[in-house]
Amino acid sequence: MAFPKHVVIVTAAGSSERFNASKELGVKKEYLSIDGHTVLYRSIAPFLQVPNCAAILVTYPQGMEDQCAVALEDLLHQNFVPLILVKGGKSRQESVYEALRFLSTMALDAEFVAIHDGARCFVSPELIIRTLATAKVFKGAVPALPATDALKIIDDNGMLTHHIDRTHAVGVQTPQIFKYPEIWEAHQQARNKASDYIDDTQIFTDFGLSVGICEGERENRKITYMDDIPDAEVQIEQYLKNLEEGKRSAKAARLLHQAMDEAKREQAGL
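Below: a short report on this structure. Just so it is clear, the model here is predicted, and its values are computed rather than measured.

**Section: the overall build of the protein chain**
Within the protein chain, the regular secondary structure consists of seven helices and 12 strands. When each of the 270 residues of the protein chain is scored for burial, the buried share is 44%. Considering only intrachain contacts with a sequence separation of at least 6, the fraction spanning at least 24 residues in the protein chain is 75%. Summed over its atoms, the accessible surface of the protein chain is roughly 15000 Å², and 51% of this surface lies on carbon and sulfur atoms.

**Regarding the pattern of salt bridges**
Taken as a whole, this structure holds five salt bridges when the rule is applied. Ionic pairing is found between lysine 222 and aspartate 117, a salt bridge with its closest N-O pair at 3.0 Å. Note that lysine 222 is positioned in the loop between strand 12 (212-215) and helix 7 (232-267) and aspartate 117 in strand 6 (residues 112-117), a separation of 105 residues in sequence. The exposure class assigned to aspartate 117 is buried, which follows from its relative accessible area of 10%. The shortest N-O distance in the salt bridge between glutamate 217 and arginine 130 comes to 3.4 Å. Residue glutamate 217 is located in the loop between strand 12 and helix 7, and its partner arginine 130 is located in helix 4 (residues 125-138); the two are separated by 87 residues in the primary sequence.

**Some remarks on helix 5 (residues 182-191)**
Among all positions in helix 5, only Glu182, Ile183, Trp184, Ala186, His187 and Ala190 are buried. Residues of helix 5 that are buried make contact with helix 3 (92-104), strand 6, strand 11 (176-179) and helix 6 (200-206).

Cut-offs applied
- Numbers given to residues run from 1 along each chain, matching the order in which its sequence is written.
- In keeping with the model being predicted, local features are shown solely for residues with a pLDDT of at least 70 and side-chain atom pairs are shown and tallied solely at 80 or more, while totals for entire chains, interfaces and linings include all residues.
- The side-chain figures draw on all heavy atoms in the structure; neither hydrogens nor water molecules are used.
- Strands are runs of DSSP state E lasting at least two residues, helices are runs of H or I lasting at least four, and both sets are numbered from the N terminus onward.
- Accessible area is worked out with a 1.4 Å probe on protein chains only. A residue is then buried under 20% of its type maximum, exposed over 50%, and partly exposed in between.
- Contact criterion: two residues are considered in contact whenever any of their non-hydrogen atoms come within 4.5 Å of each other.
- Note on areas: these come from Shrake-Rupley sampling with a 1.4 Å probe, and a residue is covered only by the protein chains present in the view.
- Salt bridge criterion: a side-chain nitrogen from Lys or Arg within 4 Å of a carboxyl oxygen from Asp or Glu.

Spatial relationships are all this shows, so hold off on functional conclusions.
The structure is reproduced here in structure tokens:
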């Protein structure tokens with residue numbers, strides 16, 4: 001197939017609450033490593049293998065731009081596809097909105113936007129291409145797998161209230177790919193509503209557009225809990241140690257520069 005020009009948005013601005021549920025660590029799972037590469041790196045690299053990618057926008061939490069840049073390893077220095085960091089919002093929806101808003105200022109003439117979770121580090125180029133091909137047919141596309149567990153609805157007290165027929169139920173993954181600028185227009189409309197949207201497919205369909213399903217991959221799982229990364233606790237301990245050392249070094253450098261500036265002023269008689 002002819003690959004349409006597309007842009008990728010990778011969402012990595014969340015707080016990793018479930019990952020840090022047992023400890024108040026505040027460490028982002030996307031910045032930890034699996035087999036020599038960070039989760040974030042692995043979530044982005046396969047998109048570089050798909051032709052006609054015009055840009056990749058990566059969202060990060062406020063105050064963590066430097067940590068995000070480090071987690072990208074050498075991807076920031078590759079010359080094939082521009083990779084841009086965008087400060088995210090308080091929710092995933094806000095972060096995607098900010099990335100789309102940034103995209104709207106760029107003259108890229110993209111036909112589609114792929115929105116991918118930065119914690120899905122096992123995505124394959126084949127899945128991306130399959131989803132992109134489906135989006136060309138329906139304007140929106142999402143990889144999905146049939147539900148295998150019995151599905152139930154519970155009330156606020158944890159009691160079962162409804163039993164769902166899983167015949168037509170699926171679990172969706174990312175990347176979710178949409179026609180552009182339609183997805184940007186849908187996000188602008190959604191921003192003015194009080195609804196809490198589950199994901200971008202709901203925003204797109206509420207805008208009156210269709211989303212087709214393609215076959216997902218079992219391997220395309222999301223890093224959610226600490227035991228999803230075998231040596232997570234060891235990595236976190238070293239990560240926090242390195243982070244603290246970096247802060248001390250930065251503080252020492254600032255104090256040194258201040259002292260040097262003060263000495264220069266004194267020498268100049270100011």
